[in-house]
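# Residue-level structure breakdown
Listed here are the chains, written in short residue letters.
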Amino acid sequence: MLPVSMTVNGKAVTATVDPRTLLVQYLRDNLRLTGTHVGCDTSQCGACVVHVDGAARKSCTMFAWQAEGAKVTTIEGVANGEKLHPMQEAFREHHGLQCGYCTPGMIMSAIDMVNRKGNDLDDNTIRHELEGNLCRCTGYHNIVKAISAGARAMKG
Amino acid sequence: MYAFKFERPTTVRQAVNLLAKNEEGKLLAGGHSLIPVMKLRLASPSVLIDLSKVEGLSGVEVTPRSVVIGAMTKHKDVANSKELQAVMPGLAAVPGSIGDPHVRQVGTIGGSLANNDPNADYPAATLGLGATIITSKRKIPADAYFKGMFETALEPDEIITKVSFPIAKKAAYQKFKHPASGFALVGVFVSKRGSEIRVAVTGAGANGVFRVPSFEEALKKRFSPKSLEGLTHTAAGLNSDIHASAEYRAHLIGVMARRAVAAANEKGGAED
Ligand SMILES: Cc1cc2nc3c(=O)[nH]c(=O)nc-3n(C[C@H](O)[C@H](O)[C@H](O)COP(=O)(O)OP(=O)(O)OC[C@H]3O[C@@H](n4cnc5c(N)ncnc54)[C@H](O)[C@@H]3O)c2cc1C
Ligand code: FES
Ligand code: FES
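Being a predicted model, the structure only gives us computed values, none of them experimental.

## Quick word on the overall build of chain A
Secondary structure summary: chain A contains five helices and five strands in total. Listing every helix and strand of chain A by position from the N terminus yields β-β-α-β-β-β-α-α-α-α. On C-alpha atoms alone, chain A measures out to a radius of gyration of 15 Å, which is about the 15 Å that the 2.2 N^0.38 rule sets for 156 residues. Projected onto its principal axes, the C-alpha positions of chain A cover 45 × 30 × 25 Å. Within the span of chain A, comprising 156 residues, buried residues form 51% of the whole. Expressed as a percentage of contacts within chain A between residues at least 6 apart in sequence, the contacts between residues at least 24 apart total 56%. By element, 47% of the accessible surface of chain A is carried by carbon and sulfur atoms, the whole surface being about 7200 Å². A gap of 1 Å separates the mean positions of the 16 positive and 15 negative side-chain charges of chain A.

Here you go:
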């Protein structure tokens, strides 16, 4: 067991964990931030995507100690108090979810996509960029619409 | 996953010493091949030696004759390198085709080449350009590096530090993706550098990446997809599994090779 410290959603946190602990387990089990989901645990589905030092990562494929000293943002950290993040708002507005299991990873990936590719995203780009995020419910169509609108809304 | 300890060296020498000291130790780069196999208990290192704090292992450096890529350089940083895109877009397209954006933000060239997955993309580019793998001990030419499925010439205490790719005027990669995994069902990298022609195939071989001398000979006369017309690759020695038969893979080698030559001629190999 060893202490692992990082900044999660702007707060300094520490927990004592086994080296095997994955970042997603640290977030869910130690910090009780259960918004980040585990869909596959085999690095494929993207339900576990969080931002580590500004880049989207599958938190099931990273040990907690690899994030020592890092700044981590999870789905719990994107809203501004009661006000949803524009990307969250767009998913609600455009019915970008059904069961909601994939949604935290979708939104974290979508925000990362805008950070890397800008606010004007065509559908083709969005679909390619979603290669690492699986949704078993929606058929993706409304997710693509939501990301397109959310990306524009993030402009200002 | 079995229990392990970890170390975070800051120099290559420290990392080499840790490897030498821990017979069951393993290097950790992006972890995007190693962590999944640890979860499956197919790997059970006693110590993980994390390379992320080692200085000087990342970056893409373009010189007049070669492109030198640090072992810890992430797929996205190679794909997005403007300097590389300017001199050899066909090589930049290779990491751009790997996995998904999240994988590309973490996975590294050194990890990919050390792993030598029979369906991975970088081995095709490395063999298809005749690159040199530079390690903590020596320089290994690509032709002597790949030793079979998940097997390489690396010794247990040897670390890849860089890979040097000669700049080829014409180079391109064409990948037929498995629709679910995104890995190459068959991928073909072709290059022409002066009179040297190389054709390297990933995804198809039961022993991993390999060259196709008959295609290379044919392309020496004229570097055109037409030169490959009528040429076929034997299905003997190719993979046959639930994803594709050996015959289908053999057919794809011809198709992907012709497409790769066409792409290399068109724009030096930039992706569509
Ligand atoms: C969902 C998913 C999709 C993927 N799709 C593709 C794809 O389409 N094409 C493709 O080619 N790959 C694909 N990959 C694999 C990906 O490219 C990996 O990142 C890569 O194969 C390994 O790199 P890594 O940095 O993650 O290495 P790690 O997993 O950290 O290490 C892999 C192996 O290399 C060793 N190693 C690492 N660095 C060094 C070094 N410098 N010197 C010596 N040994 C070293 C390690 O000890 C380990 O044995 C995919 C992975 C995932 C999870
Ligand atoms: S739970 Fe991490 S990718 Fe599926
Ligand atoms: S909404 Fe159910 S998995 Fe995407």
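Now that the structure is up, let's keep going.
## Digging into the sheet that holds strand β10 (residues 160-166) of chain B
All names here are of chain B. Strand order in the open sheet made by the five strands is β4-β5-β10-β6-β7, with antiparallel pairing throughout. Of all strands in the sheet, those bounded by a partner on one side alone are β4 (60-62) and β7 (139-141). Sheet twist, expressed as the average angle between the axes of neighbouring strands with direction ignored, equals 20 degrees. Relative to β10, strand β6 (residues 132-135) is paired through four bridges, and the arrangement is antiparallel. Looking at the pairing, Thr-135 lines up with Ile-160 of β10.

## Here's the deal with the site of ligand 1
Surrounding ligand 1, one finds 31 residues, the nearest of these being Leu27(B), Gly31(B), His32(B), Leu34(B) and Thr108(B). Each of chains A and B places residues next to ligand 1. The backbone of Ala29(B) places a nitrogen or oxygen atom 2.8 Å from an oxygen atom of ligand 1. Between an oxygen atom of ligand 1 and a main-chain N or O atom of His32(B), the distance comes to 2.7 Å. Relative to its free-state accessible area of 970 Å², ligand 1 is covered by the protein chains to the extent of 94%. Sorting elements by how many residues they give to the shell around ligand 1 places helix α7 (residues 109-115) of chain B first, with five residues. The class makeup of the residues in the shell around ligand 1 is 14 nonpolar, 14 polar and three charged. Mapping the shell around ligand 1 onto the domain boundaries places at least three of its residues in each of domain 1 (1-55) and domain 2 (170-266) of chain B.

Rules used in this analysis
- The written sequence of each chain sets the order in which its residues are numbered from 1.
- Each chain takes a letter, starting from A, and each ligand takes a number, starting from 1, following the order in which they are written.
- With pLDDT at 70 or above as the cut-off, local features in this predicted model cover only qualifying residues; side-chain atom pairs require 80 or more to be listed or tallied, and sums for whole chains, interfaces and linings still use all residues.
- Values reported for side chains reflect all heavy atoms of the structure, with hydrogen atoms and water molecules removed beforehand.
- The helix count covers DSSP runs of H or I at least four residues long, the strand count covers runs of E at least two residues long, and both are numbered beginning at the N terminus.
- In this treatment the radius of gyration is a C-alpha quantity, and the globule benchmark scales as 2.2 Å times the residue count to the 0.38 power.
- Each residue is assigned to one of three classes by its accessible area relative to the maximum for its type, calculated with a 1.4 Å probe on protein chains only: buried under 20%, partly exposed between the two thresholds, exposed over 50%.
- When checking whether two residues touch, look at their non-hydrogen atoms; a contact exists if any pair is within 4.5 Å.
- Note on areas: Shrake-Rupley, 1.4 Å probe, and residue coverage restricted to the protein chains presented here.
- The charge count includes Lys and Arg as positive and Asp and Glu as negative, but it does not include His or the ends of the chains.
- The atoms used to mark charge sites are NZ of Lys, CZ of Arg, CG of Asp and CD of Glu.
- Between any two strands, pairing holds if DSSP finds at least two bridges.
- With axes taken as lines fitted to C-alpha atoms, and helix axes fitted only over the stretch in contact, angles between N-to-C directions fall between 0 and 180 degrees.
- Residues are counted as near a molecule or strand when any one of their heavy atoms sits within 4 Å of it.
- Here a polar contact means two N or O atoms within 3.5 Å. Within protein one must be a hydrogen donor candidate and the other an acceptor candidate, and residues neighboring in sequence count only if both atoms are side-chain atoms.
- Polar here means any residue other than Ala, Val, Leu, Ile, Met, Phe, Trp, Tyr, Cys and Pro, which are nonpolar, and Asp, Glu, Lys and Arg, which are charged; Gly is therefore polar.
- Where each domain starts and ends comes from a domain assignment, either automatic or drawn from a database.

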